[in-house]
Structures are given as structure tokens and as C-alpha cells.
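# Structure at a glance
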Amino acid sequence: MMLRVGVIGTGMIGQDHIRRLTKVLSGVQVTAVTDIDLARAASAAPEGAQVFDTPNALIGSDSVDAVVICSWGPAHEEQLLACIAAGKPVFCEKPLVTSAEAALRVMEAECAFGRRLVQVGFMRRFDADYRRLKAVIDGGTLGLPLMYHSTHRNASVPPGLYTSEMPLNDTLVHDADISRWLLSDEVAGVEVRLPRKSRQGGELRDPHFVLLHMASGALVDVEISVNIAYGYDIRGEVSCETGIAALPNRPATVVTDANGYRQAIPEDWRERFIEAYDQEFREWIVAAVQGTATGPSTWDGYAATLVADAALRAVDSGVFEKITMRDKPALYGLPVSRAA
Ligand SMILES: NC(=O)C1=CN([C@@H]2O[C@H](COP(=O)(O)OP(=O)(O)OC[C@H]3O[C@@H](n4cnc5c(N)ncnc54)[C@H](O)[C@@H]3O)[C@@H](O)[C@H]2O)C=CC1
Ligand SMILES: O=C1[C@@H](O)[C@H](O)[C@@H](O)[C@H](O)[C@H]1O
């Protein structure tokens, strides 16, 4: 069966996902697009796709079996609720939503529907290097994971559009999610420290040093730098009881010349995670054709949103901010635990 997909939001990642859905992946066809900027939607629309005036019209269309949401975070809740009301599988870019209350409303709607429909765009879980790292941790040969060092550096972010809350509610959500997934754990609380401000980002609050206290007692330190200038640099190292497991430096051709040995650094997320995005959509298509969703869930989006909310509180309070999660609905599987 050919999955007919409607894309909401045709900006940077919307266009990249339209490219992979039309040129890279099979079994899928983009039949509809929309954006508040209709001219942008029209220019991003692949041949034959209909341009809709509103997300609701696209979601309700008979020519759309499943939806991909690539609008800005604050718009996600309304669009997710409309997809759930229509019973259509939906891939929603991260962040799921931008407050815990909104996440709970989405969760309630999906649980009332009675079947998973939502996959959240936490693409790191589909990256081959992260998957190998998790296999080592889960294998247990290094003992229990004690600390995880997560480095998240962006070359730059769009001035004006990217606000001082976004390092925590738009960027940190990846590190929160990957820490929970890698360590099979939940985040119990957050501290944030602000080092001297970088002059690269103007008024933007940057960088951030975040400490996630995991329920098991493991600690995760996260560097969020969003105007590091030199490139997109994602690193991760897990310290266990008897050894260390780390992401490799991205395999890239080593160039040697009179200036020495060097490897290219990805420009942005599109380049670094290109295969991971392809894989997350391969797995999404398989589930969506069956009218459901697998992979990162509304529960995972909720957990990451709680971390973002707590981190924003911690910036103001300067102290440890506790996280309290609601009970996990059966729809999302068993609670995780990494007992000591
Ligand atoms: N998984 C990942 O690595 C990445 C995820 N993202 C996420 O994807 C989403 C979009 O990010 P970008 O493409 O970078 O932003 P963008 O600003 O380039 O594009 C967003 C598009 O959505 C449209 N839009 C906003 N609100 C809308 C609404 N209510 N209805 C219809 N269209 C609407 C805008 O007009 C714009 O064209 C964000 O949630 C962002 O966090 C972005 C980059 C990488
Ligand atoms: O999701 C993404 C962007 O929206 C976000 O702004 C970046 O900081 C992340 O590295 C990227 O993966």
C-alpha cells in the first residue's frame, strides 16, 4: 500500500523531510502540504501535491492517510489533537509540545482513542552510532552506567526566531530523550548553571551547562552551545563501572595537506543525522500503514517536556528542580527501571 502523507510546515526540516519522502524512501507519497506562509508551501510542494490553506483542511482530507508535523513547537498541540481526532497516524517533529500541560492533553486524547498514533521526531534513537552505544550499555559488560557526558553544539541558530528559552525547550529535549533511552532511566530532577555568556549570539542566553539527575542515581552533564561557529558537533560518552563507551568521531574522509590532518565537521543536523532521519521515517511508514505508531511516543515527548520545564525553572531558581511524572499509561508500555 502507498502511504499518502500530508506535511504541515514547509520550512527547513519540512523541506528536508519532503525531499526524503519523495526522493529517498519508498511506499510513501506526499499528497498534501500546508504552511502559514502559503507561498512557501506552494514552492515546497512536490509535483501533484495539493496545497491546503489550513492544517485542519489537510488533516481532514481524504487524500491524506497520515500526517507529518514540521511547524513550530507551540503549534504542535492543536495539530496533534486534530490528527488524533481524525484517527490518523502522525509523525511530529520535536518538541512534542512546549508545556507539560499540553503534553498531558495530547496523551489523554491518544489514550482515549485507544491506539498509539503519535511518533515524536527524536531521531538520535535511529542513528547507528547511538544504537551501537546503547547495545554496549545494555550488554552490561561494562557494569552499570554512572555518568553520561552529552555535548550538543550548533554552529548557529536563526537570530530573532530562536529565543533564550529554546536551548532548553527546543534543543535540550534531544539530550533529555537520548539520556532516558540510552540509560533506560527517567530524569528525576535538573540543575542548570550559566557560564560566561558567548558574544557570538548577541542577547541570546548561551551556552548552558545542565545536570540531569537520573532516577537510578546516574548523572548526565549536558553542554548546550548554540552559536559555536565551527560546526554541528554532537558527542556522547558513558562512564560505567569498569569502562567507558563513547560515540565515535563521525566517520569522514581524513584530508592530509600542508596544514596537517583534518576531518570535515557537519554543518548542521541535516548532514549529521541524515541516515537517522531516513531510518526514523522508514520505521514510521511501516507502522503508519497499519494505522498506528511505534518509536518515540507521546510519553517520551511528555518526559522530555518535563525536563525542559524543570530546566527553565532551574535557570531562574539556580537550584535543583525536582521532576514528578504522572503514572505511565499502559498504552506506552511498562515503566523503565535500571535498578542498582
Ligand atoms: N529533529 C531535528 O533534528 C530537528 C527538528 N526540528 C523541529 O522541527 C520544527 C520546525 O523547525 P524548522 O524547520 O527548523 O523551522 P522553520 O522556521 O524553518 O519552519 C517552520 C515552518 O512551519 C511554519 N509554521 C509555523 N507555525 C505554523 C502553523 N501553525 N501552521 C502551519 N505552518 C506553520 C512556518 O511558517 C515555517 O515555514 C520545530 O519543532 C523544530 O524544533 C528542526 C530542526 C531539526
Ligand atoms: O532539533 C534540532 C533543532 O531544532 C535545534 O534547534 C538544534 O539545536 C538541534 O541540534 C537540532 O537537532
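Residues numbered from 1 in each chain as written. Chains lettered and ligands numbered in written order. Predicted model: local features only at pLDDT ≥ 70, side-chain atom pairs only at ≥ 80, totals over all residues. Heavy atoms only, no water.

### Let's talk about the side chain of T305
What counts here: Secondary structure counts use DSSP, requiring at least four H or I residues in a row for a helix and at least two E residues in a row for a strand, with both numbered from the N terminus. The classification of residues rests on relative accessible area computed with a 1.4 Å probe and restricted to protein chains. Under 20% of the type maximum is buried, over 50% is exposed, and intermediate values are partly exposed. Any pair of residues with heavy atoms lying within 4.5 Å of one another is described as a contacting pair.
Looking at where T305 falls in the secondary structure, it is placed in helix α10 (residues 298-317). A relative accessible area of 3% places T305 in the buried class. With residues near it in sequence (within four places) discarded, T305 still touches V97, T98, S99 and A100.

### Some points on the side chain of R116
We apply this condition: Any pair of N or O atoms that falls within 3.5 Å is considered a polar contact. Within protein, one atom must be able to donate a hydrogen and the other to accept it, and sequence-neighbouring residues count only if both atoms are side-chain atoms.
Within the secondary structure, R116 sits in the loop between α5 (100-113) and β6 (118-120). Of the polar contacts made by the side chain of R116, one reaches the backbone oxygen of G295; its length is 3.0 Å. Beyond its immediate stretch of four places on either side in the chain, R116 contacts E110, G291, T292, A293, T294, G295, P296, S297, L331 and Y332.

### Considerations on helix α7 (residues 166-183)
An α-helical turn contains 3.6 residues, so any two residues separated by three or four positions project in the same direction. Selection criterion: For a helix, the expected span equals 1.5 Å multiplied by the number of residues minus one. To get the bend at a residue, fit one axis to the 7 residues ending there and another to the 7 starting there, then take the angle between the axes.
Over its 18 residues, α7 extends 24 Å from the first C-alpha to the last, a length consistent with the 26 Å expected when each residue adds 1.5 Å. Within α7, the axis deviates most sharply at L172, by approximately 50 degrees. In terms of burial, α7 is largely enclosed, as 18 of its 18 residues are buried.

### Digging into the sheet that holds strand β8 (residues 187-193)
To be explicit about the condition: DSSP calls a pair of strands paired once it identifies at least 2 bridges connecting them.
What the 7 strands build is an open sheet, ordered β12-β11-β7-β10-β9-β8-β15; its pairing is mixed. The sheet terminates laterally at β12 (244-246) and β15 (321-322), the two strands that pair on one side only.

### A few points about the sheet that holds strand β2 (residues 28-34)
On the basis of which strands lie adjacent, the open sheet formed by 6 strands has the order β3-β2-β1-β4-β5-β6 and parallel pairing. The outermost strands of the open sheet, each flanked by one partner alone, are β3 (50-51) and β6. Examined bridge by bridge, β2 and β3 share 2 bridges and lie parallel to one another. Pairing of A32 across the sheet is with Q50, part of β3.

### Focus: helix α4 (residues 76-86)
Among all positions of α4, only H76, E77, Q79, L80, A82, C83 and I84 are buried. If you follow the buried residues of α4, they end up packed against β1 (3-8), α3 (55-60), β4 (66-69), β5 (90-92), α5 and β6. Once α4 finishes, G87 follows within two positions and takes phi at roughly 70 degrees, a positive value.

### Considering the site of ligand 1
Worth spelling out the cut-off: Nearness is defined per residue: one heavy atom within 4 Å of the molecule or strand is enough. To measure how exposed things are, a 1.4 Å probe is used in the Shrake-Rupley method; for residues, cover is taken only from the protein chains shown. Gly is placed with the polar residues, together with every amino acid not listed as nonpolar (Ala, Val, Leu, Ile, Met, Phe, Trp, Tyr, Cys and Pro) or charged (Asp, Glu, Lys and Arg). As used throughout, domain bounds are those supplied by an automatic or database domain assignment.
Around ligand 1, a shell composed of 25 residues is seen, among which D35, R40, W72, D170 and Y277 lie nearest. Here G121 contributes a backbone N or O atom positioned 3.5 Å from a nitrogen atom of ligand 1. Here ligand 1 loses 89% of its free accessible area of 840 Å² to cover by the protein chains. For the shell around ligand 1, the secondary-structure elements that each account for two or more residues are α1 (12-24), α4 and α7. Taken together, the residues that form the shell around ligand 1 break down as 12 nonpolar, 8 polar and 5 charged. Shared between two domains, the shell around ligand 1 holds at least three residues of each, these being domain 1 (3-123 + 275-297) and domain 2 (124-272 + 302-330).

### Section: the site of ligand 2
Every residue near ligand 2 is listed here: K94, M123, H152, N154, Y162, D170, T171, H174, Y232 and W269. In the environment of ligand 2, an oxygen atom lies 2.6 Å from a nitrogen or oxygen atom belonging to the side chain of H152. Within the side chain of D170, a nitrogen or oxygen atom sits 3.2 Å from an oxygen atom of ligand 2. Contact with the protein chains removes 85% of the 300 Å² of surface that ligand 2 exposes when unbound. If one sorts the elements of the shell around ligand 2 by residue count, α7 sits on top with 3 residues. Broken down by class, the residue content of the shell around ligand 2 amounts to 4 nonpolar, 4 polar and 2 charged.

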